[in-house]
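Residue-level listing of the chains:
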Amino acid sequence: MNALTKSAMSTALVELPVEGMTCASCVGRVERALKKVPGVRSAVVNLATEKASLSLDDPSQAQTVVPAAIAAVEKAGYAVPQRQFDLQVDGMTCASCVGRVERALKKVPGVQSASVNLATERASVQVSDGTDVGTLIAAIAKAGYEAAAVPQAGEGAAVEDAAAQRQAAERAALKKSLLFATLFALPVFLLEMGGHMVPAFHHWIAGNIGTQNSWYLQFALTAIVLFGPGRRFFEKGIPALLRGAPDMNSLVAVGTSAAFAYSVVATFVPTLLPAGTVNVYYEAAAVIVALILLGRFMEARAKGNTSEAIRRLVQLQAKTARVRKGGVVQEIDIAQVRSGDVIEVRPGERIPVDGEVLEGQSFVDESMISGEPVPVEKTVGAEVVGGTVNQNGALAFKATKVGADTLLAQIIRMVEQAQGSKLPIQALVDKITMWFVPAVMAAALITFAVWLIWGPDPALSFALVNAVAVLIIACPCAMGLATPTSIMVGTGRAAQMGVLLRKGEALQQLKDAKVVAVDKTGTLTKGRPELTDLVLAEGLQRNVVLAQVAAVEYRSEHPIARAIVDAAKAEGLQIPAISDFESVTGFGVRALVDGSRVEIGADRFMRELGLSVEGFASEVRRLGSEGKTPLYAAIDGRLAAMIAVADPIKPTTKPAIDALHALGLKVAMITGDNRHTAEAIARQLGIDEVVAEVLPGGKVETVQRLKAEHGTLAYVGDGINDAPALAEADVGIAIGTGTDIAIEAADVVLMSGDLSGVPNAIALSKATMKNIGENLFWAFAYNVALIPVAAGLLYPFNGTLLSPVFAAGAMALSSVFVLSNALRLKRFKV
């Protein structure tokens, strides 16, 4: 769905790559569709190059016309190819930086959409085939930031290691700068503020150092702070200000330089200032830099904690693998493993890639995938997943998925995408922060002017101090971090609980769910028939009867027959040989087993044999209430057993539905199974509404009806036939053990393979959105409340003024509060 605008926007020419055209009629169809798009003056489609050239009425409207053109091409039945680039962006410090980078990216020809996340420091850009990553990086550089391409997940732990090293280096640099700034700012603070707070100390300075000498010393120390550790604010902030796009660094640079410049004039050429205004504010400039560096350092530490979930997942990736090559086992780097390689794994080792067991038997800890603590037995033919831990046996397996195709790499990619996404609530924040910094600078100028004109003496001093306080306290760091940090921690915690949010928007939509619709087979049930009941006539032994019945059913491929045979094998029974096998059409089957005649079928077959089934009447009624249909077995003309085969309900299903009801949700079951069975299962589980005997299309119609009746709907399914309903639901939730098609259509994937992840996901969604609400309230309320205080609104009433030093401390505290509050989600429990 993305566009390629090959030529410069000034030419009003846009090119779209178009896939799927096969003949001249296709060309005509695409051209007609494009010409109908508002804003398109003309359209020419070339079948040979598979491109459409559009001439636009107004090139400045390309960002709105191009998406409409792409939609028109797709509606006509063709496709516009797309790619996504993930970029690491360095230098962003606040929400206004995010908006600036996004706007720079969206101006690049070929960019369809761009989303920038301050917490992850990454940009996700949707582009067409012709736009290269270098163009995007150049656009970010022009906006005043640095960028680099982020490799895909699955390309080795080195990628995440590099990111962790970069974050560690940033923290180390900030720590060094903080210590340096504190070392030189502290004497300035003591010399100036100490004299104000302790009169005796003031007299000591005047008598032993001298006021003028004290100012000279403060000047030297403050200059070291500003042009040493504080230089970063000027290097970023002044160019941004000159570009007409001020950011947080601009606020700090203007505020500190104003305080410093005023103090320099007061120190060296005091005659330039009006009488009574000769004061110095070196401590404000120096301490502000130290406090803001403290806030940045604490932010960097907290940001490192928010990305812990990704780091833990990456650490699950093995770094090497032992591969059989030419009859010799070689240990090679994981990046060199290829699909089809035979890999050996010893007890206690981590399985390097996904594969199929060729030799050996062992138990494998798959808790990192399923969340289940019980190891899973692996024998020849079983599938193993990269990142899981081999327990007690040696295995040899064939690699089936490597690199970015492994399940673990896909999980990492899903979590990264969810963490980098923007929730609908963020749109409001972005609109506000886009104008916030310019508005703050305007407020500071107004504050300065008001105090200069109407303030008490020394008016110039009051004007300067209050204007600087407004500039410093209003830095929108907390606004930029409020939503993305909660998303990062929330999605990371969800991954630890076996809930993968493929789309970050689902995190917000789940909170509003009113009804959960579920498929039956494979979702509520195990998805395969099993022997659930074997009721014996008096005097018979279970193992004998089951072995004989399984022997007769062994030749059949019917699911019921396979379930009986599997049950006998699971109990370790030896299945005897048979003779004289006969299928009695419409009734059942019979055969000789160890000389005994065994006949199996429904109740009508037993009546045909002259046998009464009344002895099992009470059990029949019980099975009927459970939606099961009984079979009977007769041995040597005597009714021997009643058998029931069904798709059993997962043991976790009932507690999960009870949990959904506890959250105040309605639960509906939508299934293609017969109504009698569906209603019996619904009664057992306490399901509120049953829609049975529906085709895949009927499932979509049912989802639409339930949405109209109840509101936001989450649909849970696992099969190919669930994909349309998953896509139609407000939130599609796929069982992770289901089909790839269902998972691709879903917004959320439950890796545990059972329904218990649904109430967990909804509860976590509610907790995360509450956390975001708290963060946004703090961030906005803080600015709304304290900007007027910093401007001196309370001074006429009680003489209260906010020192720029305290403004800097409060600003840093707000960001730390937001980050700390988001980190509470790491401890979330249902």
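Just above sits the structure.
Keep in mind that this is a model prediction, so the values were computed, not measured.

Criteria and cut-off values
Per-chain numbering applies: the sequence of each chain, read as written, is numbered from 1 onward. For a predicted model such as this one, the threshold for reporting local features is a pLDDT of at least 70, and the threshold for listing and counting side-chain atom pairs is 80 or more; totals across whole chains, interfaces and linings nevertheless cover every residue. Water and hydrogen atoms were dropped before computing side-chain values, which therefore reflect all heavy atoms in the structure. Strands are runs of DSSP state E lasting at least 2 residues, helices are runs of H or I lasting at least 4, and numbering of each runs from the N terminus. Burial here depends on accessible area, computed with a 1.4 Å probe over protein chains only, as a share of the maximum for the residue type. Under 20% is buried, over 50% is exposed, and the range in between is partly exposed. As used throughout, the charge tally considers Lys and Arg to be positive and Asp and Glu to be negative, leaving His and the chain termini uncounted. Each reported salt bridge corresponds to a side-chain nitrogen of Lys or Arg within 4 Å of a carboxyl oxygen of Asp or Glu. Strand pairing follows a simple DSSP-based rule, namely that at least 2 bridges must link the two strands. Simply put, an axis is a line fit to the C-alpha atoms, just over the touching stretch for a helix, and the angle between two N-to-C directions goes from 0 to 180 degrees. Whether two residues are in contact is decided by their heavy atoms: any pair within 4.5 Å suffices. For classification purposes, an angle smaller than 35 degrees is called roughly parallel, one larger than 145 roughly antiparallel, one from 65 to 115 roughly perpendicular, and anything else oblique. Residue classes follow a fixed rule: Ala, Val, Leu, Ile, Met, Phe, Trp, Tyr, Cys and Pro count as nonpolar, while Asp, Glu, Lys and Arg count as charged, and any other residue, Gly among them, counts as polar.

**Remarks on the side chain of D354**
Then, in step 1: Note that D354 resides in strand β11 (residues 354-360).
Then, in step 2: One buried charged residue, D354, remains without a salt bridge, the closest side chain of opposite sign being K401 at 5.5 Å.

**Brief notes about the sheet that holds strand β4 (residues 83-90)**
Then, in step 1: Judged by pairing direction, the sheet is antiparallel, and its four strands sit side by side in the order β5-β6-β4-β7 without closing on themselves. Two strands bound the open sheet, and with one partner strand each, they are β5 (111-117) and β7 (146-149). Between one strand and the next, the sheet's axes are offset by a mean angle of 25°, whatever the strand orientation.
Then, in step 2: Examined bridge by bridge, β5 and strand β6 (residues 122-127) share six bridges and lie antiparallel to one another. The partner of S115 across the bridge, within β6, is S124.
Then, in step 3: Each of β4, β5, β6 and β7 is contacted by helix α4 (residues 133-142), which is oriented at about 35° to β4, the strand it contacts most.

**A few points about the packing of helix α8 (residues 231-242) against helix α9 (residues 248-268)**
Then, in step 1: Viewed as axis vectors pointing N to C, α8 and α9 meet at an angle of 105°, and their least axial separation amounts to 7 Å. The pairing of α8 with α9 is recorded here as roughly perpendicular in orientation. Facing F233, F234, K236, G237, I238, A240 and L241 of α8, the residues of α9 in contact are N249, S250, V252, A253, V254, T256 and S257.
Then, in step 2: Class assignment of the residues belonging to the contact of α8 with α9 gives a composition of eight nonpolar, five polar and one charged.

**Here we look at helix α23 (residues 675-685)**
Then, in step 1: Taken as a whole, α23 has its buried residues at T677, A678, A680, I681, A682 and L685.
Then, in step 2: The secondary structure elements touched by the buried residues of α23 are α21 (617-625), α22 (653-662), β25 (666-670) and β26 (689-691).
Then, in step 3: Immediately beyond the C-terminal end of α23, within one or two residues, lies G686, with a positive phi of roughly 75°.

That is the geometry; function is a separate question.
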